[in-house]
Every structure is written in C-alpha cells, then in structure tokens.
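# Observations on the model geometry
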Amino acid sequence: MPQRPSNREMKALYHLGEANVLGPDDFKDIGDKVFAGMLKKKWVEEVTPRKFRTTEKGRVIHDEEVWFAGRSKR
C-alpha cells in the first residue's frame, strides 16, 4: 500500500508530469525537503539539477488520490 502524499506532495504531483519538468524554485511553498522525500519514495525522478518529473509510480499515486478524494461519504 503506497503512503498517502501530503498536500504539498499532491500539489507538486498535480503540476508535474511526463512533459512538465519543475523543481522547488517553481513553487513558492514547496521546497527541497518535499522533493527530496518524493525522490526517496521514487514518485519523481531528477531530469536536470533541481528539475523533476513524475515516474509511473508518482502518476498512479496521484490518480488514486484524486479518485479517492472524489468518493462520496455517507
């Protein structure tokens, strides 16, 4: 079972993708620690220094979280 991403990790995963390459400098509230944690969990991969894109694992986690967030509660 994958660990649930934090709100900041979800924000970064939402904006990242195969084509989108972003880093901590592109966000005002997401820093190096968040990206280091996602790199350690293998949710992102470093393309160039301080620039990342999601891995397949990161895209699956994002899709599952969006799906679970949209479920109705009783």
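I will try to describe carefully the structure that is included in this document.

Parameters at a glance
- Residues numbered from 1 in each chain as written.
- Predicted model: local features only at pLDDT ≥ 70, side-chain atom pairs only at ≥ 80, totals over all residues.
- Heavy atoms only, no water.
- Buried < 20%, exposed > 50% of the residue type's maximum accessible area, 1.4 Å probe, protein only.
- Helix = DSSP H or I, 4+ residues; strand = E, 2+ residues; numbered from the N terminus.
- Pairing = 2+ DSSP bridges.
- Axes fitted to C-alpha atoms, helices over the stretch in contact; angles between N-to-C directions.
- Parallel < 35°, antiparallel > 145°, perpendicular 65-115°, else oblique.
- Contact = heavy atoms within 4.5 Å.
- Nonpolar A, V, L, I, M, F, W, Y, C, P; charged D, E, K, R; others polar.

With that out of the way, let us pick up the pairing of strand 2 (residues 51-54). Only one face of strand 2 is buried, namely the one carrying Phe 52 and Thr 54, since none of Lys 51 and Arg 53 on the opposite face is buried. Strand direction decides the pairing type here: strand 1 (residues 44-48) and strand 2, joined by 4 bridges, are antiparallel. By the bridge assignment, Thr 48 is partnered in strand 2 with Lys 51. In this antiparallel pair of consecutive strands, strand 1 and strand 2, the connection spans 2 residues, and Arg 50 shows a positive phi of 65°.

The subject of this paragraph is the packing of helix 1 (residues 7-15) against helix 2 (residues 32-40). One way to put it is that helix 1 packs onto helix 2 with a least axis distance of 10 Å and a crossing angle of 75°. Compared by their axis directions, helix 1 and helix 2 come out roughly perpendicular. On helix 2, the residues touching Arg 8, Glu 9, Ala 12 and Leu 13 of helix 1 are Val 34, Phe 35 and Met 38. A class-by-class count of the residues in the contact of helix 1 with helix 2 yields 5 nonpolar, no polar and 2 charged.

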